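Each chain, written out:
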Number of protein chains: 2
Amino acid sequence: MDYQNLLAERTEGMAASAIREILKVVSLPGMISLAGGIPAPQSFPMEIIEELTSVVLHKYGSRAFQYDLTEGFMPLRSALVDHLKQKGIAATSDQIIISSGSQGALDAIGKILISKGDKIAVESPTYLGALQAFNPYEPTYIGMETDDDGLIPESLDEVLKHHKIKFVYLVPTFQNPTGRTLPLERRKQIAEILKRHDALLFEDDPYGDLRYQGTSLPSIQSMAPDHVVYAGTLSKVFAPGLRVGYLIGPDLIRDWLVLSKQGVDLQTSTFTQALAAEYLAGGYLKDHLPRIIELYRPRQQAMLNAMETHFPKEFNWSRPQGGMFIWAEGPSGFDLDSAYKKAIQRNVAFVPGRYFFAQSDAGLETMRLNFTMFEEQTLVNAIAVLGQVLHEELCSN
Amino acid sequence: MDYQNLLAERTEGMAASAIREILKVVSLPGMISLAGGIPAPQSFPMEIIEELTSVVLHKYGSRAFQYDLTEGFMPLRSALVDHLKQKGIAATSDQIIISSGSQGALDAIGKILISKGDKIAVESPTYLGALQAFNPYEPTYIGMETDDDGLIPESLDEVLKHHKIKFVYLVPTFQNPTGRTLPLERRKQIAEILKRHDALLFEDDPYGDLRYQGTSLPSIQSMAPDHVVYAGTLSKVFAPGLRVGYLIGPDLIRDWLVLSKQGVDLQTSTFTQALAAEYLAGGYLKDHLPRIIELYRPRQQAMLNAMETHFPKEFNWSRPQGGMFIWAEGPSGFDLDSAYKKAIQRNVAFVPGRYFFAQSDAGLETMRLNFTMFEEQTLVNAIAVLGQVLHEELCSN
């Protein structure tokens, strides 16, 4: 039968992206992939998980395997109150919704707010998974300008002046793909601009805890709570395979998010929520997080040092104080797609940066490099190969 | 700020339904609630779960906590191949997608197929959770007639003749809310009608394994595989808090379902999928399922016997061979909403049947009763109270 004919109009917006093809290539044997964005499996606290499964089974028994509230498992929401307080975010357990990873939060906000053609303001470049969550709801993206410190506040102001924006989407700390972090002063300015224009921000904060240098910064949510839906996740600090994220936001928005979630997946797994509850309430994160940071910090440093040695002087790149990514930019007109093809022939993969732009013609000269998945020497070898490829490409132009 | 103004058009379709209010009332202390639709916690195999968590930790290690394929954890999909074969469904592991419960499958099919105003054919009455999943995509529902044997095939034929239907939604076995099961002959007729009209069916089968009498029936999928997306779940036989469901369907539809799922939640929890994989592959279901059946069969029988004794002779009800529900109908014009209010004053709750009809004016004389959550004597007491309330309501009319 003619299945194509049955598809909804929105489904065209989900068309298989080239990045899926890239991620297939990079899983080939022998490939050193700097293309991923996933935590090192060595960062998972296996001995803690073993202990916690036993704690959960004996503390909650069958309750951990029963249906539970769409809003989320109350012991986890209570534990998050303290966790968020340490981040300077004041929330009661009733104000917290558990999502199925950050992705579940992105889908939910898109679903309740975006009608076809509605305008969403995003950084250029922005997180690809957010675009994938929003695309089926058929928004129009309005790109905002960024520099080495992330979003330029004046660009947000201009966009809000000239467009009716449903919401602004930002990853203010160790952004994916750039690794950039908004400084304190810009956060304050952005909070002010949101208030002035009576606008809503979706503040996505998956990487905030992965800080290798410097001191942590307050969320924009803490500066304008009525104007921000804040989303966090345990995927980057506990384990992504549990699929536990969370969000807080103004009451009315939160109520609609719950109704939306009820139709989408009823609730996030009670068992994995109970594990997350015990992980946070038991204080395990405090011991575990420094171990993750000690794993990632030298990897990032090794990659940055190798780039210094091997990358052409025509390239610039970010030097983030945390997160999982480094963003590099070649000279204007440089074609990273072509370099990508040569690199994978030499068994090194990355993601060409253009996939992270909502506009199809932007970012051809950019690339995203992940440093969490390999040991230092492997990263150095991979960067040496990439440096060679980039030099060759520069010469052949 | 004016949050209401930000909402998408679709969000109005998610408006808080009265059934949420009902489910709040029924969790009050002292209430005997026949309103729920959830498994008895005593049915969860806690000792098996404890064993399996240990098996998973040692067999898969960090892999069970890492990101994994959107399509689903391969060991689970492989285990499902055998499980489905026993149900007469031929599928390769590549043809199976893991969903976050059945609800995730319902959302996904709605998302990829329904444009605003598209017609979906549903039984009258039908599963409320399906309506909640589909509503945000703004379909028009076309109701099909049912009798004690479920959907009347001629009604499907008529509907497909006169309407352009995106897909047909059915729960052919132990339907929620009625408990009705389509006999073999009707299944064959429905498969033929689907083929003749080149139409697509979403066959939702959460309860098929919970059979207390009689012999199991083949799925409609097995009779018309090119015309059916089949969804199952482990929520009713293993544990709902794991949120593991699955679906199989024609290749193209499946590819779009995967793309949709990528935007919605990336993937279902790797850990709970790994538990489900070991549960199925280790043959635990074979030992566990008879224990669930032995728990529920006498409960259902006790409720049916008590209804025989206590319900007014003007009432008719289903006598299902399995599942979790009994459906009762009073005489035409009887108002179950009014009876509901009196019943909860006497600490017995149920769901008035009208919530299960896509049309807002249908089913006022109907009710759904769940029998899985209480021991026999409690069910008998509850039915005695309900019988009294119904008698009183009949007399006062």
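J.: Tell me about unusual backbone geometry, and name the residues and values.
T.: In this structure, the amide linkage connecting Asn-176 of chain A to the following residue, Pro-177 of chain A, adopts the cis form with an omega of 20 degrees. Structurally, the position occupied by Pro-177 of chain A is in the loop between strand S7 (165-170) and helix H7 (184-197). Positive phi, close to 55 degrees, is recorded for Asp-198 of chain B, a residue that is not glycine. If you check the backbone angles, Arg-243 of chain B has positive phi at about 60 degrees while not being a glycine. With respect to the helices and strands, the residue Arg-243 of chain B is situated in the loop between strand S9 (228-233) and strand S10 (245-248). Judged by C-beta crowding, with 33 C-beta atoms within 10 Å, Arg-243 of chain B ranks as buried.

J.: With reference to specific residues and values, describe the interface of chain B and chain A.
T.: Counting residues at the interface gives 65 residues for chain B, matched by 64 residues for chain A. Listed by contribution, the elements that provide at least two residues to the side of chain B that touches chain A are helix H2 (46-60), helix H4 (101-113), helix H5 (128-134), helix H8 (251-264) and helix H9 (270-281) of chain B. Here the side of chain B that touches chain A gets eight residues from one element, more than from any other, and that element is H8 of chain B. Classifying every residue of the side of chain B that touches chain A gives 34 nonpolar, 21 polar and ten charged.

J.: I'd love a proper account of the nonpolar core, names of residues and values included.
T.: In this structure, Leu-201 and Ala-276 of chain A together with Leu-201 and Ala-276 of chain B are the most contacted members of the largest nonpolar core, which totals 248 residues. Beyond its immediate sequence surroundings of up to four residues, Leu-201 of chain B is in contact with Phe-167, Val-168, Leu-170, Leu-194, Ile-220, His-227 and Val-228 of chain B.

J.: So, the relation of the copies chain B and chain A: which residues are in play, and what are the values?
T.: The second copy of the chain is related to the first by a rotation about an axis and a shift along the axis. Taken as rigid bodies, chain B and chain A are interconverted by a rotation of 180 degrees and an axial shift of 0.0 Å, the fit giving an RMSD of 0.0 Å. As the rotation angle and translation indicate, the two copies are arranged about a two-fold axis. When you check the interface residues of chain B against chain A, 98% turn up at the interface there too, and the contact is symmetric in its surfaces.

J.: Residue-level account of H8 of chain B, with values.
T.: Along an α-helix, residues three or four positions apart point the same way, because every turn accommodates 3.6 residues. Residue and element names in this part refer to chain B. Its 14 residues give H8 an end-to-end C-alpha distance of 20 Å, which sits within 8% of 20 Å, the value for a rise of 1.5 Å per residue. Where H8 is concerned, the buried positions are Ile-253, Trp-256, Leu-257, Val-258, Leu-259, Ser-260, Lys-261, Gln-262, Gly-263 and Val-264. Phi turns positive one or two residues past the end of H8, at Leu-266, with a value near 65 degrees.

J.: I'd love a proper account of the domain arrangement of chain A, names of residues and values included.
T.: All names here are of chain A. Along its sequence, chain A is organised into domain 1 (4-44 + 287-396) and domain 2 (46-283). A straight line from the C-alpha centre of domain 1 to that of domain 2 covers 24 Å. Contacts between the two partners involve 33 residues from domain 1, matched on the other side by 33 residues from domain 2. Secondary-structure elements contributing two or more residues to the side of domain 1 that touches domain 2 are helix H10 (284-310) and strand S12 (325-329). Among the elements that make up the side of domain 1 that touches domain 2, the one with the highest residue count is H10 (seven residues). For the side of domain 1 that touches domain 2, the residue count by class is 19 nonpolar, eleven polar and three charged.

Cut-offs used in this document
Residues numbered from 1 in each chain as written. Chains lettered and ligands numbered in written order. Predicted model: local features only at pLDDT ≥ 70, side-chain atom pairs only at ≥ 80, totals over all residues. Helix = DSSP H or I, 4+ residues; strand = E, 2+ residues; numbered from the N terminus. Buried ≥ 20, exposed ≤ 12 C-beta atoms within 10 Å, placed from the backbone. Contact = placed C-beta atoms within 7 Å. Nonpolar A, V, L, I, M, F, W, Y, C, P; charged D, E, K, R; others polar. Core = buried A, V, L, I, M, F, W, Y, C linked by C-beta atoms within 7 Å. Least-squares fit on C-alpha atoms with pLDDT ≥ 70 in both. Expected span 1.5 Å × (residues − 1). Domains from an automatic or database assignment.

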